[in-house]
Amino acid sequence: MLFYSDQYCNHCEQGFANRDVLLNHLKKKHAYCRPCKRAFVDEEARKQHSKSIHPQKDELGITRPSQGTGAHKDILCQRCKLEFESKAAFKFHQRSTPDRHFLCTSCDLDFATFAKRLEHWKTSAVHKQTYCTICSINFTNPSAYATHLRNNAYEHHLCVSCDLMFADHPDLVQHWTTDEKHKDLYCERCDRHFIDSKAKKTHQIDESVKHHFCVPCSIEHKSRAELVVHWTSSTEHETLYDPRCDIHFENLTAKWIHQKATPEKHKLCHPCRLDFPKQKALTRHWKTEEVHKETYDRNCNQLFDSAIAMQKHVKETPDKHNLCEKCQVDFSSIELLKAHWKTTPVHFDTYCQDCHQDMPSPRDLEKVRLRA
């Protein structure tokens, strides 16, 4: 098999698949000089090479590049005791080890501790418009810092409209409450400031219960009791307010849907669209109102949609009703029905005095009498 020169080990006379595999072999099996990326016959040869090419050592015992002819000008990391072939590799190493290298990328400085870098950011005039003292973060440019402040305006006591930062939140609130520009845009209950009146109104509508806010009138009241007085005293709101559930509705349809959905609280007369506090009041309404005379069943205490529906119900429940089929009148008791048969002329020819029954026709009455 044919191997290229960068795949062949001269010491072992052995070929490898690629240069990376060859380098791993040289590092493990032979005396290898890492800065030069060369392998020697033995350790003695490597030491001789090091003395001539890499003669200097620093106080930490790390081999430093010589300034003489043929020296390797590698970059040394004093903290990590590592050498790098290029400045780019060294910079990448610094960024990859933030626990050892505390970099200020703007000034291209590496600090020994986090505290020293923080002090640099605080005191340096270069970082005056990029360093956030509250978050202890330094930004790459003033624009990024400004965006950070706007996104976290509440924590930084920043008035976004005026672009002013205050020492603490009470100072910011005082600015909002005293300045005419912000007076109507600040919500005291929620401690929030809004960009414009439209945004504040949207907030008040969303939190209408908390703010005692009348949405149709766009008025905020001090308490719930004051808001209820406003609703009950105004003719505009009186019909839309439900006192039993303490809810104000946008329109009558919404109120009616709510009342139908809560029969335990609302006793409704559907044809009249009236709400009564108790069932007794609703029953009295059905009994006394002329409009319900042909649709209200007194015996079952039930209101029907039409007279036809009521008549059908009466016929289907003869055990509960005393119906005169000829007159289509339902009586509350059998005694009243019999009295009706006796006294009404239309039943004179069909009413049997002996059995107290009304026959369908006079001929049927005759047949009953002949049997008797």
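What you see is a predicted model; the values in this text were computed from it and never measured. (Residues numbered from 1 in each chain as written. Predicted model: local features only at pLDDT ≥ 70, side-chain atom pairs only at ≥ 80, totals over all residues. Heavy atoms only, no water.)

**Considerations on the environment of Phe 166**
Thinking step 1. Topologically, Phe 166 is positioned in the loop between β14 (164–165) and α6 (169–178).
Thinking step 2. Of the residues examined, Phe 166 reaches a relative accessible area of 22% and is grouped as partly exposed.
Thinking step 3. When the C-alpha positions of Phe 166 and His 156 are compared, they lie 7.8 Å apart, and in sequence the two are ten residues distant.
Thinking step 4. With residues up to four places along the chain from it excluded, the contact list for Phe 166 reads His 156, His 157, Cys 159, Asp 171, Leu 172 and His 175. (Helix = DSSP H or I, 4+ residues; strand = E, 2+ residues; numbered from the N terminus. Buried < 20%, exposed > 50% of the residue type's maximum accessible area, 1.4 Å probe, protein only. Contact = heavy atoms within 4.5 Å.)

**Quick word on the pattern of salt bridges**
Thinking step 1. A complete count under the given rule lists six salt bridges for this structure.
Thinking step 2. Between Arg 224 and Asp 246 there is a salt bridge whose closest N-O contact spans 3.3 Å. Of this pair, Arg 224 sits in helix α9 (residues 224–233) while Asp 246 is found in the loop between β19 (241–242) and β20 (247–248), placing the two residues 22 residues apart along the sequence.
Thinking step 3. Among the salt bridges present, the one from Arg 244 reaches Asp 275, with a minimum N-O distance of 2.3 Å. Here Asp 275 lies in strand β22 (residues 274–276) and Arg 244 lies in the loop between β19 and β20, a separation of 31 residues in the sequence.
Thinking step 4. Given a relative accessible area of 23%, Asp 275 falls into the partly exposed group. (Salt bridge = Lys/Arg side-chain N within 4 Å of Asp/Glu carboxyl O.)

**A few points about the confidence of the model for the protein**
Thinking step 1. Mean pLDDT for the protein: 82, with 92% of residues reaching 70 or above.
Thinking step 2. Contacts of residues 57–72 to residues separated by more than four positions or lying in other chains number 33 contacts, the stretch itself having pLDDT below 50. (pLDDT = per-residue confidence, 0-100.)

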